[in-house]
Amino acid sequence: MKHLEKEELMNVSGGGYKWGLGALIAGGITFIVGLIDGILRPLRCN
């Protein structure tokens, strides 16, 4: 196992954690807004 120095640790990238978390939050907000809209303003299917 190789021990990394502080400078090397700062340059490590990967995982896509920030994009995944942002997509999860955006999807949750979209779902909640759609749910509230459907409850407050129900529309019939044509």
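Being a predicted model, the structure only gives us computed values, none of them experimental.

**Remarks on the overall build of the protein chain**
Across its full length, the protein chain carries two helices and zero strands. Across its three principal axes, the protein chain shows a C-alpha extent of roughly 60 × 15 × 15 Å. Evaluated residue by residue, the protein chain yields a buried proportion of 0% over its 46 residues. Element-wise, carbon and sulfur atoms account for 67% of the exposed surface of the protein chain, whose accessible area totals about 4,900 Å². Of note, the protein chain has its 5 positive side-chain charges centred 17 Å away from the centre of its 4 negative side-chain charges.

**Comments concerning a nonpolar patch on the surface**
Among the surface-exposed residues, Tyr17, Leu21, Leu24, Ile25, Ile29 and Val33 lie close enough to one another that they form a single nonpolar patch of about 650 Å² accessible area. Relative to the elements of secondary structure, isoleucine 25 occurs in helix α2 (residues 17-40). A relative accessible area of 48% means that isoleucine 25 is categorised as partly exposed.

Cut-off values and rules
- Residues numbered from 1 in each chain as written.
- Predicted model: local features only at pLDDT ≥ 70, side-chain atom pairs only at ≥ 80, totals over all residues.
- Heavy atoms only, no water.
- Helix = DSSP H or I, 4+ residues; strand = E, 2+ residues; numbered from the N terminus.
- Buried < 20%, exposed > 50% of the residue type's maximum accessible area, 1.4 Å probe, protein only.
- Areas by Shrake-Rupley, 256 points an atom, 1.4 Å probe, with all protein chains shown as cover.
- Lys, Arg positive; Asp, Glu negative; His and termini not counted.
- Charge placed at Lys NZ, Arg CZ, Asp CG, Glu CD.
- Patch = residues over 30% accessible without salt bridge, like charges linked within 9 Å, V, L, I, M, F, W, Y side chains within 5 Å.
- Salt bridge = Lys/Arg side-chain N within 4 Å of Asp/Glu carboxyl O.

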